[in-house]
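What the coordinates show
Residue strings, one per chain:
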Amino acid sequence: MTAAVYGQPGSGARFDWGLTGAAELGRVCAALVVVDVLSFTTAVEVAVARGMRVHPFPWGEQAAEYAVRVGATAAVGRRQTTVEHPWSLSPAALSSAPVVADLVLPSPNGSAISAAASATGLPVVAGCLRNARAVGRWLRRQGYGTVNAPIGVIASGERWPDGSLRPSVEDQLGAASVLDALSGVPGGLSVEAAMALAALASTPDVPAAVRGSVSGRELTESGFAADVDVAVRIGVSDVVPVLHQGVFSAA
């Protein structure tokens, strides 16, 4: 049996990493925030802001089959887009792609975590640098952040080639931005959340840090610098995508 201490008891806002961390906090929290700055939750914010409903789905070929079943459009890999099918995990591409009612958006990290978290029945919010302040405000207005109704903030992270979790700068800073908006919640921050927040306080230029991170450089060197540019626009959105019955839409 997992020790109760892993749920960071006695605090109103808690922090952990990846799929396993989300599962642990999902057992004890009243709401979850998933953060995948490059690029799932940024893409969700962009799509939902434009009026699309986003279906999270684990990475894999089955996403297209699922899209057919639910009558949605399936996003493809960044390099697989065409003029006729421009929908992908790229926030920049989604900023200008035609609006569709329903979009299946697979990814190996944030989307997989969100899809798994939806089974808990908890409110699951897509947070990123663009909407972190709005996410914090919305959660506080809903009454979350007490010891009895704690919030779990999950930094998705990336994956090493062997499939293990690679903690990432951009997701720590994105999660810390949400936690910053939750500072002062009645239940206070767990030690883990406070330490994550400390990373934000010691980063004077968050956009530069994200651009210079491994993930930011990887996207830029692959020809997708525009995705990083969209992701580092801090506080530009009041959209709060909330997962309900397996679909993200605006709160």
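These lines cover the structure that appears in this document, whether it is placed above or below. Being a predicted model, the structure only gives us computed values, none of them experimental.

**With respect to the pattern of salt bridges**
All chains considered together, the criterion is met by 6 salt bridges. Here Arg 130 and Glu 45 are joined by a salt bridge, their closest N and O atoms 2.5 Å apart. Here the residue Arg 130 occupies a position in the loop between strand S6 (124–127) and helix H6 (132–141), and Glu 45 occupies one in helix H2 (residues 40–49), the gap between them amounting to 85 residues. Looking at Arg 130, the relative accessible area reads 12%, which means it is buried. For Asp 227, the salt bridge is made with Arg 78, and the minimal N-O distance between the two is 2.7 Å.

**Thoughts on the side chain of Ser 177**
Mapped onto the elements, Ser 177 comes out in helix H7 (residues 169–181). A residue is classified by how much of its surface remains accessible, and Ser 177, at 14% relative accessible area, is buried. Leave out the neighbours within four places in its chain, and Ser 177 touches Leu 129, Ala 132 and Leu 200.

**Let's talk about unusual backbone geometry**
Residue Ser 39 is bonded to the preceding Leu 38 through a cis peptide linkage, with omega at 20 degrees. Relative to the elements of secondary structure, Ser 39 occurs in the loop between strand S2 (31–35) and H2. Phi is positive for Gln 8, which is not a glycine, with a value near 55 degrees. With respect to the secondary-structure elements, Gln 8 resides in the segment before strand S1 (13–17).

Reading the values: the criteria
Counting starts from 1 at the beginning of each chain's written sequence and moves along it residue by residue. In keeping with the predicted nature of the model, local features appear solely for residues at pLDDT of at least 70, side-chain atom pairs appear and are counted solely at 80 or more, and the whole-chain, interface and lining totals rest on all residues. Working from all heavy atoms in the structure, the side-chain values ignore hydrogens and water. Salt bridges, as used here, are contacts in which a Lys or Arg side-chain nitrogen is within 4 Å of a carboxyl oxygen on Asp or Glu. Working definition: helices are DSSP H or I runs of at least four residues, strands are E runs of at least two. Numbering for both runs from the N terminus. Throughout, exposure labels follow a simple rule: accessible area from a 1.4 Å probe, protein chains only, divided by the maximum for the residue type, with under 20% read as buried, over 50% as exposed, and the rest as partly exposed. A contact between two residues is defined here by any heavy atoms of the two lying within 4.5 Å.

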